[in-house]
Amino acid sequence: EADELRLGPNGGLVYCMQHLVQNLDWLQEQLGEGEDDFFFFDCPGQIELYTHLPIMRQLADALAQWDFRLAGVFLLDSQFLIDTAKFFSGTLAAMSAMLQLALPHHNILTKMDMLTRKQRKDVERYLDPDSSGLMSDMEHTSNPKFRRLNEALARLLDDYSTVSFLPLDVQDDESVGDVLQAVDMIIQYGEDLDVRIPKDPEDEDDDES
C-alpha cells in the first residue's frame, strides 16, 4: 500500500499518525489499565505534526479522556543554539508546539555534554533569554532589511514569556534528576501514592520479640 501511495518519508509519517488517531481503540487496548504506570511517547520530530496538523492534539485529547496525566517535553539540540538567529527559530518551534498541544510543558536542551566549555557559556544565555539583549546581537549579525521582522519576533517572545529551557546533560546525574523532577511536578506524579512512614527501630525490636 505504501508503494501505491508513493509517499516520501514525511508524507509516510503523517499517514501513519493519521492512521493511529483513526484507530485509538487499539492504542487504548495496548496501554491497558495499569495503575501508576509512567508512559513515554517518543514522538516524531517533524514539526509539521505540531504546527500544521491537529494529529498530536487529537492524540493528547484522547489520552486525557482516558485519565492520563499529560506533559509535553520539547527536545531541542543544544548544538543548534549556537547563535541568536537559530535561537529564535528553535524558540518559535517550541512555542508552536506548546500552543498546539495545550499541555503542561517543558523545553529541554539536549546534548549539553557534547558542548565545549565556551559553547556551554554561550548557550547559558538562552536558558532564560532576554529578548532585548538578543535583538542587539541580531542587529550586528543579520541583514538590516530584516530588522522589523526581528523586532516583531522579539516582541512575540516577550508578550508570551512562556518559553524557557532546561539543560540536560546525560553524563550528570543531577541534571537528569532536575529534568525528571520538573516533569514529575507538572503531572503531579506520585502524589496519590500512600506515604510510607518508616518504622521506629524500637517498634521493630518489639515485633521480633
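Residues numbered from 1 in each chain as written. Predicted model: local features only at pLDDT ≥ 70, side-chain atom pairs only at ≥ 80, totals over all residues. Heavy atoms only, no water.

**Student:** Help me understand the pairing of strand 1 (residues 72-77), please; the structure alone is not making it clear to me.
**Tutor:** Every second residue of strand 1 is oriented toward a common face, the buried set being Gly72, Phe74 and Leu76 and the non-buried set Val73, Leu75 and Asp77. As judged from the six bridges shared by strand 1 and strand 2 (residues 105-110), these two strands associate in the parallel manner. The residue bridging Leu75 from the neighbouring strand is Ile108, located in strand 2. (Buried < 20%, exposed > 50% of the residue type's maximum accessible area, 1.4 Å probe, protein only. Helix = DSSP H or I, 4+ residues; strand = E, 2+ residues; numbered from the N terminus. Pairing = 2+ DSSP bridges.)

**Student:** What is the right way to look at the sheet that holds strand 2 in this model?
**Tutor:** Each strand in a sheet pairs with its neighbour through backbone hydrogen bonds, running either in the same direction (parallel) or in the opposite one (antiparallel). Reading across the sheet, the three strands line up as 1-2-3 and stay open at both edges, with parallel pairing between neighbours. Here the strands that pair on one side only, and so sit at the sheet edges, are strand 1 and strand 3 (166-167).

**Student:** Even after reading the chapter, I still don't get the pattern of salt bridges, so can you show me in this structure?
**Tutor:** Pairing is possible between side chains of opposite charge, provided their charged atoms come close. Within the structure shown, the criterion is met by five salt bridges. Put simply, Asp122 and Lys118 hold a salt bridge, and the shortest N to O gap is 3.1 Å. Placement of the pair is Asp122 and Lys118 together in helix 7 (residues 117-124), with a separation of four residues, close to one helical turn. For Asp122, a relative accessible area of 29% puts it in the partly exposed group. The partner of Arg120 in a salt bridge is Asp169, with the nearest N and O atoms 2.8 Å apart. Of this pair, Arg120 sits in helix 7 while Asp169 sits in the loop between strand 3 and helix 10 (173-187); the two residues are 49 residues apart in sequence, bridging distant segments of the chain. For Arg120, a relative accessible area of 28% puts it in the partly exposed group. Given a relative accessible area of 12%, Asp169 falls into the buried group. (Salt bridge = Lys/Arg side-chain N within 4 Å of Asp/Glu carboxyl O.)

**Student:** Sorry if this is basic, but what is going on with unusual backbone geometry here?
**Tutor:** Its identity as a non-glycine residue notwithstanding, Asp67 has a phi of 70°, on the positive side. The exposure class of Asp67 is exposed, given its relative accessible area of 70%.

**Student:** In this structure, what is going on with the pairing of strand 2? I would like to understand it.
**Tutor:** Counting buried positions over the six residues of strand 2 gives five, a clear majority of the element. On the question of chirality, the crossover connecting strand 1 to the parallel strand 2 by way of helix 6 (residues 84-101) is right-handed. Pairing of strand 2 with strand 3 involves two bridges; the strand directions are parallel. Residue pairing for strand 3: Leu109 is matched across the bridge by Pro167. (Right-handed = clockwise from strand over helix to strand, strands pointing away.)

**Student:** What exactly am I supposed to notice about the environment of Ala60 here?
**Tutor:** With respect to the secondary-structure elements, Ala60 resides in helix 5 (residues 55-65). Overall, Ala60 belongs to the buried group, its relative accessible area being 7%. A C-alpha to C-alpha distance of 7.2 Å links Ala60 and Leu101, two positions 41 residues apart in sequence. When residues no more than four places from it in sequence are discounted, the contact partners of Ala60 are Leu70 and Leu103. (Contact = heavy atoms within 4.5 Å.)

**Student:** Would you take a moment to explain the nonpolar core for this structure?
**Tutor:** When a protein is soluble and globular, its nonpolar side chains tend to lie buried together. In terms of nonpolar packing, the biggest core is built from 39 residues, with Leu49, Met56, Leu59, Trp66, Phe87, Leu109 and Phe165 touching the most fellow members. Of all the elements in the fold, those that place two or more residues in this core are helix 2 (9-21), helix 3 (24-31), helix 4 (48-51), helix 5, strand 1, helix 6, helix 8 (131-141) and helix 9 (147-160). With seven residues, the top contributor of residues to this core is helix 6. Non-local contacts of Phe165, meaning those with residues more than four positions away in its chain, are made with Leu76, Phe87, Thr91, Asn107, Leu109, Tyr126 and Leu127. (Core = buried A, V, L, I, M, F, W, Y, C linked by side-chain atoms within 4.5 Å.)

**Student:** What's the story with helix 2 in this structure? I'm lost.
**Tutor:** Helical geometry: 3.6 residues make up each α-helical turn, so side chains three or four residues apart lie on a common side. End to end, helix 2 covers 19 Å across 13 residues, agreeing with the expected 18 Å (1.5 Å per residue, within 8%). When helix 2 is considered as a whole, its buried residues turn out to be Gly12, Val14, Met17 and Val21. In the core, the buried residues of helix 2 are packed alongside helix 3, helix 4 and helix 5. (Expected span 1.5 Å × (residues − 1).)

**Student:** Just to check I follow, could you spell out the packing of aromatic side chains for this structure?
**Tutor:** Aromatic ring pairs: the centre-centre distance and the angle between the two ring planes describe each pair. Under the definition given, this model contains four aromatic pairs. Between Phe39 and Phe68, the aromatic rings sit 5.7 Å apart at their centres with planes inclined by 65°, giving edge-to-face as the arrangement. Of this pair, Phe39 sits in the loop between helix 3 and helix 4 while Phe68 sits in the loop between helix 5 and strand 1; the two residues are 29 residues apart in sequence, bridging distant segments of the chain. Their ring planes at 65° and their centres at 6.3 Å tell us that Phe87 and Phe165 sit as a pair that is edge-to-face. Of this pair, Phe87 sits in helix 6 while Phe165 sits in the loop between helix 9 and strand 3, and the two are 78 residues apart along the sequence. (Phe/Tyr/Trp six-rings, centres within 6.5 Å; stacked < 30°, edge-to-face > 60°.)

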